[in-house]
Amino acid sequence: MSNEIYNFEAWINTVEPLPGESISHFLGRFERANLLTGYQIGKEAGVGAIVTRWKKLYLNPFPTQQELEALAKFVDVEVEKMTQTLPLKGITMKPRPIKLCAACYAEQPCHRIEWQYKEKMKCDRHQLSLLTKCTNCGTPFPIPADWEVGQCPHCSLPFAKMAKRQKRC
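Residues numbered from 1 in each chain as written. Predicted model: local features only at pLDDT ≥ 70, side-chain atom pairs only at ≥ 80, totals over all residues. Heavy atoms only, no water.

Participant: Report on the overall build of the protein, specifying residues and quantitative values.
Facilitator: Helix and strand counts for the protein stand at six helices and two strands. Scanning the protein from its N terminus toward the C terminus, one meets helices and strands in the order α-α-α-α-α-α-β-β. Expressed as lengths along the three principal axes of its C-alpha atoms, the size of the protein is roughly 60 × 35 × 20 Å. The long-range fraction of contacts in the protein, counting pairs at least 24 apart against all pairs at least 6 apart in sequence, stands at 60%. (Helix = DSSP H or I, 4+ residues; strand = E, 2+ residues; numbered from the N terminus. Contact = heavy atoms within 4.5 Å.)

See below:
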């Protein structure tokens, strides 16, 4: 007799990564769609607590191919799509502060991995400075995994509305 209490794979709701989406934002959406925690995802995927570090965009050490394959299998997404949620090889990430282009977010509500590149200070698409805190109350943005409704956790200003206060570069 197996001492497994749940067979998670029997009821996983598949969530597809969005183009350019960060691993943190993807994991948050997957957790909410499946009522799981990062810890549970890591345990079921067989990669352990490392998933909770990835949610915080702490990618040092960088996820191994084996870890990505295990996660991709559990979340039922192609490995290549999971790889696209990570920074490009050779590009330095800066996990804090969390950065946002509100104009991009208004078009597609997700956190982009490229916003966290160390050298990235502006949105190439909109020619706007990336935001690091709410334009209304100054609260720093939470980790993207926690962006359930896309608004400031302190004053509730929607991220998309912050575009009006982004500075042109």
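Participant: Quick one: what's the story with helix H2 (residues 38-45), residue by residue and with numbers?
Facilitator: Buried within H2 we find Gly38, Ile41, Gly42 and Ala45. What you see down the axis of H2 is that its buried residues fit within an arc of 95°, all on one side. Opposite the buried face of H2, at more than 90 degrees from it, the exposed residues are Tyr39 and Lys43. Packed against the buried residues of H2 are helix H1 (23-34), helix H3 (50-55) and helix H4 (65-75). Note on H2: the residue one or two positions beyond its end, Gly46, has a positive phi of about 85°. (Buried < 20%, exposed > 50% of the residue type's maximum accessible area, 1.4 Å probe, protein only. Arc of directions from axis to C-beta.)

Participant: Please set out the pattern of salt bridges residue by residue, giving values where relevant.
Facilitator: Inspection of the entire model under this criterion finds six salt bridges. For Arg29, the salt bridge identified is with Glu21, shortest N-O distance 2.8 Å. For Glu107, the salt bridge goes to Arg125, with nearest N and O atoms at 2.9 Å. Placement of Glu107 in helix H6 (residues 102-107) and of Arg125 in the loop between strand E1 (122-123) and strand E2 (128-129) is noted, with a sequence separation of 18 residues between them. (Salt bridge = Lys/Arg side-chain N within 4 Å of Asp/Glu carboxyl O.)

Participant: Break down the side chain of Asn34 for me, with residues and values.
Facilitator: Along the chain, the position of Asn34 falls in helix H1. You can call Asn34 buried: its relative accessible area is 1%. A polar contact is formed between the side chain of Asn34 and the backbone nitrogen of Asn13, at a distance of 2.5 Å. Residues in contact with Asn34, not counting those within four places in the same chain, are Trp11, Ile12 and Asn13. (Polar contact = N/O pair within 3.5 Å; in protein donor to acceptor, adjacent residues only side chain to side chain.)

Participant: Give a description of the packing of aromatic side chains that names residues and reports values.
Facilitator: For any pair of aromatic rings, the description consists of the separation of the ring centres together with the inter-plane angle of the planes. For the structure shown, the criterion picks out seven aromatic pairs. Arranged with centres 5.3 Å apart and planes meeting at 80°, the rings of Tyr105 and Phe159 form a pair that is edge-to-face. Remark: Phe159 occurs in the segment after E2 and Tyr105 occurs in helix H6; sequence separation between them is 54 residues. Each member of the pair, Tyr105 as well as Phe159, carries the same accessibility label: buried. The interplanar angle of 65° and the centroid separation of 4.6 Å between the aromatic rings of Trp147 and Phe159 together place this pair among those described as edge-to-face. In this pair, Trp147 is assigned in the segment after E2 and Phe159 in the segment after E2, connecting sequence segments 12 residues apart. Taken individually, Trp147 and Phe159 each receive the classification buried, so the pair is uniform in this respect. Connected via pairs of aromatic rings, a cluster forms that spans Tyr105, Phe141, Trp147 and Phe159. (Phe/Tyr/Trp six-rings, centres within 6.5 Å; stacked < 30°, edge-to-face > 60°.)

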